[in-house]
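Structural characterization, general
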Amino acid sequence: TKKFVMWLKIMGEGYHQYMTVATSDAITDPYKIVNERLHPYGILAGDFDLFEDEGKGYIIFERAHSDMIIADLTEDYLDVGMKYSVHFPRKCPPYVREAPAVFKKDGYYYMFTSGTTAKLPNQSEIARAKSMHGEWEVLGAPHIGDDKHTSFDSQISCVFKVEGTDKFIAMADRWLIDLP
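Position labels on residues start from 1 in each chain and follow its written sequence. Two thresholds apply to this predicted model, a pLDDT of at least 70 for residue-level local features and 80 or more for giving and counting side-chain atom pairs, whereas whole-chain, interface and lining totals are computed over all residues. Each side-chain value is derived from all of the structure's non-hydrogen atoms; neither hydrogens nor water enter the calculation.

1. With respect to the environment of Glu 13
Worth spelling out the cut-off: What counts as a helix is a DSSP run of H or I of at least four residues, what counts as a strand is a run of E of at least two, and both are numbered from the N terminus.
Along the chain, Glu 13 falls in the loop between strand S1 (4-11) and strand S2 (17-24). Separated by 97 residues in the primary sequence, Glu 13 and Tyr 110 place their C-alpha atoms 33 Å from one another.

The following block contains the structure:
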């Protein structure tokens, strides 16, 4: 469509959340909402990541306190498509995964996730798969030297490839809270 597409998770009062999609002709121009109050497949989508590979778009999101959903996006990237798959089913927090961050390296898709306990640092995991909807193999704690396995008290939110290199940069949110 030659438009910039932005997905947002909107949190309202009482933990009510939904997705909103907006587009713009230029990254710095105003965005127009084109899909509002979206609950993909009737699911209250939590933390999410968008990923594009070979011209195909995906949204990866947490189904609150349950599992991770990987869904194809429509060709215009404005909605979820017909195909989706369910991954990492866990019984309860903090074992349920959230905050997916996906990247591809050497023919594998990799996904960082975090455990779920509100704003406290949680154990990070990394998993890999040969296809987005394939079987994801959990590789364990990803950070060398992080004895707490909490992404050094952070939550990875995005991974991007440094153009022209074989290097990747992971960006993270760090919660500054008073711990007892």
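2. Focus on the packing of aromatic side chains
To describe a pair of aromatic rings, one takes the distance between the centres and the angle between the planes. Note the following rule: We call Phe, Tyr and Trp rings a pair once their centres come within 6.5 Å, taking the six-membered ring for Trp, and we label the pair stacked below 30 degrees between planes, edge-to-face above 60, and tilted otherwise. Only protein chains enter the calculation, and the probe is 1.4 Å; a residue is then buried if its accessible area is under 20% of its type maximum, exposed if over 50%, and partly exposed in between. Note on geometry: a ring has a charge over it if NZ (lysine) or CZ (arginine) is within 6 Å of the ring centre and within 35 degrees of the ring normal.
This model, assessed by the stated rule, comprises seven aromatic pairs. An angle of 80 degrees between the planes, with centres 5.9 Å apart, marks the rings of Phe 51 and Tyr 109 as edge-to-face. A residue pair is termed long-range when its members are at least 10 positions apart, and Phe 51 in strand S4 (residues 45-53) and Tyr 109 in strand S9 (residues 108-114) qualify at 58 residues. Assigned by exposure class, Phe 51 and Tyr 109 land together as buried. Chaining the aromatic ring pairs together yields one cluster made of Phe 103, Tyr 108, Tyr 110, Phe 112 and Phe 168. Between Lys 130 and the ring centre of Tyr 108, over which it is positioned, the NZ or CZ distance is 4.4 Å. Here the basic side chain of Lys 161 rests over the ring of Phe 168, its NZ or CZ set 5.8 Å away from the ring centre.

3. Re a nonpolar patch on the surface
As a reminder of what qualifies: Without a salt bridge and with relative accessible area above 30%, a residue can belong to a patch; like charges are then joined within 9 Å and nonpolar side chains (Val, Leu, Ile, Met, Phe, Trp, Tyr) within 5 Å. For accessible areas, the Shrake-Rupley method is used with a probe of radius 1.4 Å. Any residue's cover is judged against the shown protein chains and nothing else. One side-chain nitrogen of Lys or Arg within 4 Å of one carboxyl oxygen of Asp or Glu is enough to make a salt bridge.
On the surface, Phe 160, Ile 169 and Met 171 cluster together into a nonpolar patch covering about 250 Å² of accessible area. For Ile 169, the location among the structural elements is in strand S13 (residues 168-174). Judged by its relative accessible area of 38%, Ile 169 falls in the partly exposed class.

4. Quick notes on the environment of Arg 174
Applicable threshold: The criterion used for residue contact is that any of the two residues' heavy atoms lie within 4.5 Å. Within 3.5 Å is the distance limit for a polar contact, defined as a pair of N or O atoms, with the added protein rule that one can donate a hydrogen and the other accept it, and that residues adjacent in sequence qualify only through two side-chain atoms.
Assignment of secondary structure puts Arg 174 in strand S13. Overall, the relative accessible area of 51% leaves Arg 174 in the exposed class. Along the backbone, Arg 174 and Pro 94 are 80 residues apart, and their C-alpha atoms lie at a distance of 18 Å. Residues within four places of Arg 174 in sequence aside, it is in contact with Phe 152, Asp 153 and Ser 154. Polar contacts involving the side chain of Arg 174 include one to the main-chain carbonyl oxygen of Phe 152, which spans 2.4 Å. At 3.1 Å, the side chain of Arg 174 and the side chain of Ser 154 are in polar contact.

On their own, these measurements won't tell you what the molecule is for.
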